[in-house]
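One-letter residues, chain by chain:
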Amino acid sequence: MEELFQQLERRIRHLLQKIEHLAESNQHIQQGKRSLAREKEHILTKHKSVVTQIESMVTRLKALEGL
């Protein structure tokens, strides 16, 4: 009976370690996800800025053609 309790205790410890490891992995994944979301937002902001600049250049070029 004592052997069974020891096996059960080892199994529980092992499972608790796995839970701890999975929680840490999940935390890293969530941090990575937030980082990627910030990077995506930054890239979209830059993209919009570049599109605006290009549209402005096209407008100026068209105005120059009209001269």
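Please read all numbers here as calculations on a predicted model, not as lab measurements.

Criteria and cut-off values
Residues numbered from 1 in each chain as written. Predicted model: local features only at pLDDT ≥ 70, side-chain atom pairs only at ≥ 80, totals over all residues. Heavy atoms only, no water. Helix = DSSP H or I, 4+ residues; strand = E, 2+ residues; numbered from the N terminus. Rg over C-alpha atoms; globule rule 2.2 N^0.38 Å. Buried < 20%, exposed > 50% of the residue type's maximum accessible area, 1.4 Å probe, protein only. Areas by Shrake-Rupley, 256 points an atom, 1.4 Å probe, with all protein chains shown as cover. Lys, Arg positive; Asp, Glu negative; His and termini not counted. Charge placed at Lys NZ, Arg CZ, Asp CG, Glu CD.

Caption draft 1: The arrangement of the overall build of the protein chain in detail. Counting its regular elements, the protein chain contains one helix and zero strands. Computed over its C-alpha atoms, the radius of gyration of the protein chain comes to 29 Å, more than 25% above the 11 Å expected for a compact globule of 67 residues. Reported as C-alpha extents along the three principal axes, the dimensions of the protein chain are approximately 100 × 10 × 5 Å. When each of the 67 residues of the protein chain is scored for burial, the buried share is 0%. As displayed, the protein chain offers around 6700 Å² of accessible surface, 61% of which is attributable to carbon and sulfur atoms. The averaged location of the 9 negative side-chain charges in the protein chain is 7 Å from the averaged location of its 12 positive side-chain charges.

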